[in-house]
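Chains, contacts and geometry: an overview
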Amino acid sequence: VRVGGVTQRRVAERSGIVLRDVATGDFYAISQDLGPGSVACNLDTSELALACAAIERAARSGAQLIVISKFSKQEAGRGGLCDAFRAAMAARVPVIAAVSPHYREEWRAFAGPLAEDVAPEREALAEWWEKTRLAGSEGTSI
């Protein structure tokens, strides 16, 4: 299966968050070091935009599955990686993403009938993938 997308991880030595491109291994450091005592948002939007563009390219370039670490605060406000989700939808590529219960309503409004809840368990994901793969372009879900 040709997979595109990003996963999120904390990096202790950088004391921040990075997104890792699952296809290329490239990292996007989305946290800026604003120095001690800063209370400002430390999101590096330029790095986030680069990660988003990488996902969009994967969706347009034949990825069969897109992984996006999460739909969260930025996406709930229609920012963050929303364009990546939209690119996958337009290309009819299934997407796997974690959604916080805090943003479930925003997720449902964003994804509409394409949204499908799947338990975060290996077997449930495997069953979802088999069903989605067999449905092909007729049953794309996110």
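Let me begin by describing the structure that accompanies this report. (Residues numbered from 1 in each chain as written. Predicted model: local features only at pLDDT ≥ 70, side-chain atom pairs only at ≥ 80, totals over all residues. Heavy atoms only, no water.)

**Brief notes about the overall build of the protein chain**
Summing up its helical and strand segments, the protein chain has 5 helices and 5 strands in all. When the elements of the protein chain are put in sequence order from the N terminus, they spell out β-β-β-α-β-α-α-β-α-α. The proportion of buried residues among the 142 residues of the protein chain is 35%. The contacts in the protein chain between residues at least 6 apart in sequence include a share of 53% that link residues at least 24 apart. Accessible area for the protein chain stands at about 8,300 Å²; split by element, carbon and sulfur atoms hold 50% of it. (Helix = DSSP H or I, 4+ residues; strand = E, 2+ residues; numbered from the N terminus. Buried < 20%, exposed > 50% of the residue type's maximum accessible area, 1.4 Å probe, protein only. Contact = heavy atoms within 4.5 Å. Areas by Shrake-Rupley, 256 points an atom, 1.4 Å probe, with all protein chains shown as cover.)

**Notes on the nonpolar core**
Considering soluble globular proteins, one finds that nonpolar side chains tend to be buried as a cluster. Grouped together as the largest cluster of nonpolar side chains are 31 residues, with contacts concentrated most on Leu 19, Ile 66, Ile 68, Phe 71, Leu 81 and Trp 107. When residues of this core are traced back to their parent elements, those giving at least two are β2 (16-21), α1 (45-60), β4 (65-71), α3 (82-90), β5 (95-99) and α4 (104-111). Among the elements that take part in this core, α1 stands out by supplying 7 residues, more than any other. Ignoring any residue separated from it by four or fewer positions in sequence, one finds Leu 81 in contact with Val 6, Leu 19, Leu 48, Cys 52, Ile 55, Ile 68 and Glu 75. (Core = buried A, V, L, I, M, F, W, Y, C linked by side-chain atoms within 4.5 Å.)

**Quick notes on the pattern of salt bridges**
Once the charged atoms of two side chains with opposite charge are near each other, the side chains can pair. Throughout the structure, instances matching the rule amount to 6 salt bridges. Between Arg 108 and Asp 117 there is a salt bridge whose closest N-O contact spans 2.9 Å. Accessibility expressed as a relative area gives 33% for Arg 108, which makes it partly exposed. Its salt-bridge partner being Glu 116, residue Lys 131 comes within 2.4 Å of it at the nearest N-O pair. With Lys 131 in helix α5 (residues 122-135) and Glu 116 in the loop between α4 and α5, this pair connects stretches of sequence that are 15 residues apart. When its relative accessible area of 46% is taken as the criterion, Lys 131 is described as partly exposed. When salt bridges with common partners are traced through the structure, they connect Arg 104, Arg 108 and Asp 117 into a single cluster. (Salt bridge = Lys/Arg side-chain N within 4 Å of Asp/Glu carboxyl O.)

**Considerations on the side chain of Asp 21**
Of note, Asp 21 is situated in strand β2. There is no salt bridge for the buried Asp 21, and the closest opposite charge comes from Arg 57, which lies 6.0 Å off by N-O distance. At 2.8 Å, the side chain of Asp 21 forms a polar contact with the backbone nitrogen of Ala 23. With near-sequence residues (within four places) excluded, Asp 21 lies in contact with Gly 5, Val 6, Asp 26, Tyr 28 and Ala 54. (Lys, Arg positive; Asp, Glu negative; His and termini not counted. Polar contact = N/O pair within 3.5 Å; in protein donor to acceptor, adjacent residues only side chain to side chain.)

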